[in-house]
Amino acid sequence: MKEILVPALYVMSGVCAYTALHHGLAVLRRRVNRIHLLFALMSLLTAALIMARAGAYGAHTVSELVAMRRWEIVFLCFFVPAFLWFVADYTGIRPRKLLFGLSGFWALLFAVNLALPSGVQIADSSSMAYFDLPWGERVADLRVIQRTVWHNLAWLGIVISLSYSLYACYLQYRRGQQRRARVMAWALSAFAVLSLLNVAINLKLVEFVHTSDFGFLALIVVMDMEMMLESRDQKRRLRAVLDHLPVAICLKDLKGHFQLINRKFESAFRTREGAIAGKKVFDLFPREQAAIIDANERHALDTRQDVESEEVLDCGGEARTFQSIKFPLLREDGSAYAVSSVYIDITESRQKDEALNRFRRQVWHADRVASTGAITSSLAHELCQPLAAMLSNAQAGLRFLAQDKVDLDEMREILQDIVRDDKRAGAVINGLRAMLQQQETPYADIDLGQCINEVIMLLHSEFVRTGVVVEHLLEANLAIRANKTQIQQVALNLMINALEAMAEQVPDQRMLRVTAARVDGKALVSIRDSGIGIAEDMLDRVFDGFYTTKPQGLGVGLEVCRSIMESHGGGIWAEANPDRGATFHFVLPLEDKTGT
Ligand code: ADP
């Protein structure tokens, strides 16, 4: 049984080289990952160090021995700093001064090792001896040659480095990362025990070959296994979390091939991870839906930003609505390597919103019908007036026609009066229809000023009855694309609110000012009253559902107004007037943007 130690060292070196390769490739694949980079470096240096040790054992001349032992120190001088920074990253304990100090010390030792004639391990290089191992192998005796003081300092450096590492483990343990700390402490202990044994062997207290190589190997193998297990456990944990999330998640590569989907994705879109891997979104959804998803993902990748959208997707024949967030996965250098999508099924909540909105509208409608009842007498008067005027004008016209000579100018005037009164009655009826209509009218191009005017006309006699002085300034040609009924409902609600707010006011102080104008390329309608007003901190709250200060109030009017405005791409807000009363403004996009 000969030649065991040296071949064994070669094998050990090979194991370390393999570990270095394995972690080095991981670094390359993830581009940058410092802890793996440091570990790859440590493994590579250990492989080299053990090779140098094997070379020293097999040395035949003193100069060969000196060269090999010098190489050992060269590798050690790089190994220890790499190890220290690895421990710092692994434990998260980074005493910078100590780390830099120790790294400096090893740099100094490196220089000394090169400067000394036989390196730091050998003081007297005049002769060499051999050592017979129990199994008959004869190797160079590494113990007999006197060591320099630097060699002892190197040992001191190792002791300090080990002490820091063990202390870092202890702190990591205290911080709650027990498992990581325990494994590292085991690896360090093995290394420390084998190094101590090495010292005892050097001092000839124990008869054996050097054992520190085994310490290095133990450190590398244990930490390598731990890092592998950790990354496997982490993957498993992440997978379990992903699979238990109530949202569908998928991950795709840059070419759009599925890489990973979670369980919710499988059940929502009736697919399986095995069946979809490597396929594209076009293989899963109908073309139009897939095109939207694809475009959103491309946008996320191009802009490196999250893209949020609402998508209606096919789920085994049923169309469901999803809130989706697409985001790119970025490397540390900012380049994207994948894109992920998260889908939250909002079908039910959309349906609930829809039902709630419908309910609110019905309630509001009932309320409006009630207010129509309250102003019916004024309305009757409002309609009677133009009708009576039209009748008397028509009778006058007939009388004129009965005369021999018809005065055409007078006739024209009479007919113009009839047209005017007819329009007025028509506006009242239109307004009334808007107020009572529950069915939605389609979007159309409308003149906002005229639309608001119809509402003012509708309430005209109510203003007269309550003694409200109305001032209106409605700009012509404010063309908007809107649902006329809804816009009139908003104006009506605001004016009725204004009337109610002014009810407590002394009659000669009831003022309503309605304006419609083009402002910043949009149509702005303002309804200003001189009523009780709204406290500053309530200006937003009045739009909340069921907020009311009226004994008979429902508190849904302003909320519905806001939802109507939002569905038209506009907005509504309230302001407290500096003197008295409140002003409600609503703004709508203009059809014709050229006037901006
Ligand atoms: P309701 O009229 O049924 O109370 P609204 O949603 O239309 O419901 O109004 C909510 C609340 O906002 C009112 O109760 C009132 O307190 C306040 N409010 C609305 N308009 C005015 C206004 N012009 N002046 C003062 N307060 C107002």
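Structure: above.
Residues numbered from 1 in each chain as written. Predicted model: local features only at pLDDT ≥ 70, side-chain atom pairs only at ≥ 80, totals over all residues. Heavy atoms only, no water.

Student: With reference to specific residues and values, describe the pattern of salt bridges.
Tutor: A full pass over the atoms with the stated rule returns 32 salt bridges. E310 serves as the salt-bridge partner of R350, at 2.7 Å between the closest nitrogen and oxygen. Taken together, the positions of R350 in helix α11 (residues 347–374) and E310 in strand β5 (residues 307–315) put the pair 40 residues apart, joining distant regions of the chain. A relative accessible area of 32% places R350 in the partly exposed class. The class of E310 is partly exposed, set by a relative accessible area of 44%. A salt bridge links E462 to R465; the nearest nitrogen and oxygen atoms lie 2.6 Å apart. Here the residue E462 and the residue R465 both occupy positions in helix α14 (residues 448–466), the gap between them amounting to three residues, near one helical turn. Here the residues in one salt-bridge network are R53, R69, E72 and D213, joined through shared partners. (Salt bridge = Lys/Arg side-chain N within 4 Å of Asp/Glu carboxyl O. Helix = DSSP H or I, 4+ residues; strand = E, 2+ residues; numbered from the N terminus. Buried < 20%, exposed > 50% of the residue type's maximum accessible area, 1.4 Å probe, protein only.)

Student: Lay out a nonpolar patch on the surface with the relevant residues and their values.
Tutor: On the surface, a cluster of nonpolar side chains totalling about 400 Å² of accessible area is made up of L98, V149, L153, L156 and I160. Sorting elements by how many residues they give to the nonpolar patch places helix α5 (residues 149–174) first, with four residues. Looking at the secondary structure, you find I160 in helix α5. (Patch = residues over 30% accessible without salt bridge, like charges linked within 9 Å, V, L, I, M, F, W, Y side chains within 5 Å. Areas by Shrake-Rupley, 256 points an atom, 1.4 Å probe, with all protein chains shown as cover.)

Student: Can you tell me about the packing of aromatic side chains, naming the residues and giving the values?
Tutor: On inspection of all chains with the given rule, the structure shows 18 aromatic pairs. With 5.3 Å between their ring centres and 80 degrees between their planes, F105 and W106 make a pair best called edge-to-face. The exposure class assigned to W106 is buried, which follows from its relative accessible area of 0%. Taken together through their ring pairs, the aromatic side chains of F258, F265, F269, F285, F322 and Y343 make up a single cluster. Geometry around Y90 places R180 over its ring, the cationic atom sitting 4.1 Å from the centre. (Phe/Tyr/Trp six-rings, centres within 6.5 Å; stacked < 30°, edge-to-face > 60°. Lys NZ or Arg CZ within 6 Å of the ring centre and 35° of its normal.)

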